Amino acid sequence: MASCSASAKFLQLYESLPPDAQHALVENSLAPLLNVISKDRSNRTLASAARLHKTYANMPSLNLKLKKLEIAALLDELARDNKRSYVKEKSRREELLAEAIESVLDWLNDVWRVVYEYSTNFSKAHASLLYASQAIQQIGNARIGCKCSFMNIYISAKIRRSSGKVVKSFHFTGAHNLERVMLWIWRDLFVVMLVDGTKRQQAAIPEMLDDIRVEYGWKALEQLLYGGNKSSDDDDDDDDLDEGFDFDFDDPIVWDEGDEDDEDYTDTDGSSDGTACSDAQCTCGFHASHWPKKLNEARVRLRELVRTSLISQFSTMPSYTLFNSIVAISDADGMDGDEVCEELLPTLIRVATYSSENYAAALHICAIHLHRDKLMSLLTTHSHLLRPRDTAQHQLATIILAASPTYHLNGLHILEKELLDTVHTIRAFVRSAFCHIDTLSNKAELTEIVALRQEALGRHGRIVRWVGAVVTPTSETANPMALAALMMGLPFPPGIDDGMDDVDPLGYAGFDTDDPELDDLREEFRPNLKERLEGWIEVGRSIKGGMAVLLKVYTVVVEMMPFMSVPDVVDEMTGRLSDKPSKVFLSDALDALWNFCRQQKRKFAKPKSKQKPSSCNPNTSSSTGQPSNSGAVRAAFVTINNPQPKDPAGSIDDVD
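Right, let's walk through the structure included here. (Residues numbered from 1 in each chain as written. Predicted model: local features only at pLDDT ≥ 70, side-chain atom pairs only at ≥ 80, totals over all residues. Heavy atoms only, no water.)

Quick look at the overall build of the protein chain
We count it as follows: A run of DSSP states H or I qualifies as a helix once it reaches four residues; a run of E qualifies as a strand once it reaches two. Both are numbered from the N-terminal end. Buried residues are those whose accessible area, probed at 1.4 Å on protein chains only, stays under 20% of the maximum for their type, while exposed residues exceed 50% and partly exposed ones sit between those limits. When checking whether two residues touch, look at their non-hydrogen atoms; a contact exists if any pair is within 4.5 Å. Computed with the Shrake-Rupley method and a 1.4 Å probe, the accessible areas treat only the protein chains shown as cover for residues.
Looking only at helices and strands, one finds 29 helices and five strands in the protein chain. Taken across its 656 residues, the protein chain has 42% of its residues classed as buried. Across the protein chain, contacts joining residues at least 24 apart in sequence account for 68% of those joining residues at least 6 apart. Carbon and sulfur atoms make up 53% of the accessible area of the protein chain, which amounts to about 34700 Å² in all.

In structure tokens, the structure reads:
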């Protein structure tokens, strides 16, 4: 018992030592003991060492330093070839690019063999995979001109065992998709570590998962569980990636004969009906067909580690997509979305007010899972964190609140406030594009134009002249110094930025319109006022009492912007704006606002098809011809919003 206790304590101390200290301990303390123990024990120890030496004799050497030098040499050759191509007709770019990618693929195959076949060097294999990812990025970012070759190169990658047997093949277009091959290898690395690794090695898995999250983002962790795929249901959606398994159940290379673990395994994670599954039958996507039973069982522990890592990410930077990923992973353990929400809700509420991103995510998740009390608390205390890009989450939260009798009036108040705020924003941009619209002379001219009938002679000409008089004047060409300052990110020198009003900075600079990092710039230069307005209008139509709010906002719009009741004036204004790339968003917003005004005006108009026959007294015809449904709408409008049920647009003809 004493010897067993001593050996256990020694192993515990040995595992706690760094690699260099372990090697020094063996060399200085353990190896000399072979000279003093009995010859029989000494021979058995030497025989064990010889067997291990034979086992790892043919193991690939993961020499990270040499691989870095090799990739650096290939990158230098690519740069030199790019320079030579300016004066020569031929270029070896395609050949050198293929050679560099082939070098990375060979390296990945060696990493997989070390991990899967020899079950050792886990830390070095992880570091090698991280470098392979960095090498691909270096190749893609190499200064070799156009990246079309890198993005469109066809790659056929095959993972082979030492015997040459193909375990899995990948066929795809674009070297950037090599990430999926690496994630597939990482999954094998982790399940082997969970089965054959020591406690110290297994304790390093969360840190390795964090490294992957830093390198690729948290979405890569979910893809890792599916072997590099986005999910088990998305395999057919990837046209640029084709994966195949090349195996034979009777081949002893893939399925080692004599190993009882190689029999058909049974799914035990609750994601199937418990019958024997294989990769061709089971749809869970969490296992690989080449795994024996012991590795397949380790996938459950790996899933738990990934889920823990994602929850750690959620505790600092929550998002709705991250929440859905956690729900998808938890579904294999029998947890639905509501149960996951209850688990994560305290963390979500705690960090919700740390940033606008967190706040929007909290609104979205609480709305989806009907936590109205939390929604009302967040909107009451921290609504200042909302950004224009968070309109969709805000609208969803408003609908959920208004559906509850407790918070119905709060929902209507939010609807009215946001609609008026959107209208005021549109009016501010209109005044910027038509700076003379509020002058007395132009107001008087607009009043006279409104008084004219639609078919009156000279009406169109007066509208054109009126729009030309109110529009903000701009120079025909932008100052070249202003354009240079724009491209370099410098502020405009005083007096030379007058011609930049019609320049669209995002379009001129050629930025990616879908880049999420440019959301702030898009909100400044291309605010999506049309989508914002139409979204709140749909909210008003979908909740009880919302139509009355829409009618009230309509009266405010017509009072604030009288031209919105004149369709041909709006058409002329949007026509002027559509010629300016930087004002297209405003043109779309005015179109949406005009459609809203037209629809609301019809609610005031008296349907002619439902009018009663006029009486003998013409003075009473207007008072006896009111239809019942119009009276109901008018009564609701008067009760909730306005004591004057009169159409604010007056007697203007409704022209579509």
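Structure's up, so let's keep going.
Describing the packing of helix α17 (residues 391-402) against helix α18 (residues 408-433)
Worth spelling out the cut-off: Fitted lines through C-alpha atoms give the axes, limited to the stretch in contact for helices. The angle between two N-to-C directions lies from 0 to 180 degrees. It is the rotation of the near helix from the far one that decides the hand of a crossing: anticlockwise by less than a right angle makes it left-handed, clockwise makes it right-handed. As a working rule, the residues Ala, Val, Leu, Ile, Met, Phe, Trp, Tyr, Cys and Pro are called nonpolar, Asp, Glu, Lys and Arg charged, and the rest polar, with Gly in that last group.
Viewed as axis vectors pointing N to C, α17 and α18 meet at an angle of 150°, and their least axial separation amounts to 7 Å. The two elements α17 and α18 meet at a crossing, and its hand is left-handed. Within the contact between the two elements, α17 uses H394, T398, L401 and A402 and α18 uses H408, G411, I414, L415 and E418. In terms of residue class, the contact of α17 with α18 is made up of four nonpolar, four polar and one charged.

Notes on a nonpolar patch on the surface
Selection criterion: Like charges are joined within 9 Å and nonpolar side chains (Val, Leu, Ile, Met, Phe, Trp, Tyr) within 5 Å, but only among residues with over 30% relative accessible area and no salt bridge; these make up the patches. Any carboxyl oxygen of Asp or Glu that lies within 4 Å of a side-chain nitrogen of Lys or Arg is treated as forming a salt bridge with it.
A contiguous nonpolar surface patch, about 560 Å² in accessible area, is contributed by F10, L11, V26, L30, L33, V36 and I37. At the level of elements, α1 (2-15) and α2 (19-30) are the ones that each hand at least two residues to the nonpolar patch. Among the secondary structure elements, L11 is positioned in helix α1. We classify L11 as exposed; its relative accessible area is 51%.

Quick notes on unusual backbone geometry
Leaving glycine aside, a negative phi is the common case for residues, and trans is the common case for peptide bonds. The residue N121 is not glycine, and still its phi comes out positive at about 55°. Within the secondary structure, N121 sits in the loop between α5 (93-116) and α6 (122-140). Since its relative accessible area comes to 29%, N121 is described here as partly exposed.

A look at the nonpolar core
Heads up, the rule is: As used in this record, nonpolar core signifies buried Ala, Val, Leu, Ile, Met, Phe, Trp, Tyr and Cys residues forming a set joined through side-chain atoms within 4.5 Å.
With 145 residues, the main nonpolar core has W186, F190, F434, F563, M564 and L593 as its most contacted residues. Dropping the residues within four chain positions of it, F190 is found in contact with I205, M208, L209, I212, L224 and L302.

Description of the environment of A403
Of note, A403 is situated in the loop between α17 and α18. Of the residues examined, A403 reaches a relative accessible area of 57% and is grouped as exposed. Measuring from C-alpha to C-alpha, the distance between A403 and K544 comes to 7.9 Å, with 141 residues separating the pair along the chain.

As for the packing of aromatic side chains
Operational definition: Pairing of aromatic side chains requires ring centres within 6.5 Å, counting the rings of Phe and Tyr and the six-membered ring of Trp. Pairs whose planes differ by under 30 degrees are stacked, by over 60 edge-to-face, and all others tilted.
Taken as a whole and assessed by the stated rule, the structure comprises seven aromatic pairs. Note on W112 and Y116: the rings are 4.9 Å apart at their centroids and 10° apart in plane angle, and the pair reads as stacked. With W112 and Y116 both in helix α5, this residue pair falls four residues apart, about one helical turn. Residue class for W112 comes out buried when judged on its relative accessible area of 0%. Note on W186 and Y216: the rings are 6.3 Å apart at their centroids and 85° apart in plane angle, and the pair reads as edge-to-face. Of this pair, W186 sits in helix α8 (residues 178-196) while Y216 sits in helix α10 (residues 205-216), and the two are 30 residues apart along the sequence. Classification of W186 by relative accessible area gives buried; the value is 0%. By way of ring pairs, the aromatic residues W112, Y116, F170 and W184 are connected into one cluster.

Focus on a negative patch on the surface
Here is the rule: Charge assignment in this entry is limited to Lys and Arg as positive and Asp and Glu as negative, and neither His nor the chain termini are counted. Where a charge lies is defined by one atom per residue type, namely NZ (Lys), CZ (Arg), CG (Asp) and CD (Glu).
Residues D331, D336, D338, E339 and E342 make up a contiguous surface patch of negative charge. Tracing the backbone shows D338 in helix α14 (residues 337-351).

Considerations on the pairing of strand β2 (residues 166-173)
Quick note on the threshold: Each pair of strands is called paired provided DSSP finds at least two bridges between the two strands.
Of all eight residues making up β2, six are buried, and the element is well covered by its neighbours. Two elements, strand β1 (residues 154-160) and β2, share seven bridges in a ladder whose sense is antiparallel. Considered in β2, the bridge of R160 is made with V166. Where β1 hands over to β2, the hairpin turn is made up of five residues, of which G164 adopts a positive phi near 100°.

Observations concerning the packing of helix α16 (residues 372-382) against α17
Filter applied, for reference: In this scheme, roughly parallel covers angles under 35 degrees and roughly antiparallel covers those over 145, while 65 to 115 is roughly perpendicular and the rest are oblique.
Remark: α16 packs on α17, axes separated minimally by 10 Å, with the N-to-C direction vectors making an angle of 125°. By the criterion of interaxial angle, the relationship of α16 to α17 is oblique. At the point where α16 passes α17, the crossing takes the left-handed sense. Note on element contacts: α17 touches α16 through H394, A397, I400 and L401, opposite R372, L375, M376 and L379. By residue class, the composition of the contact of α16 with α17 is six nonpolar, one polar and one charged.

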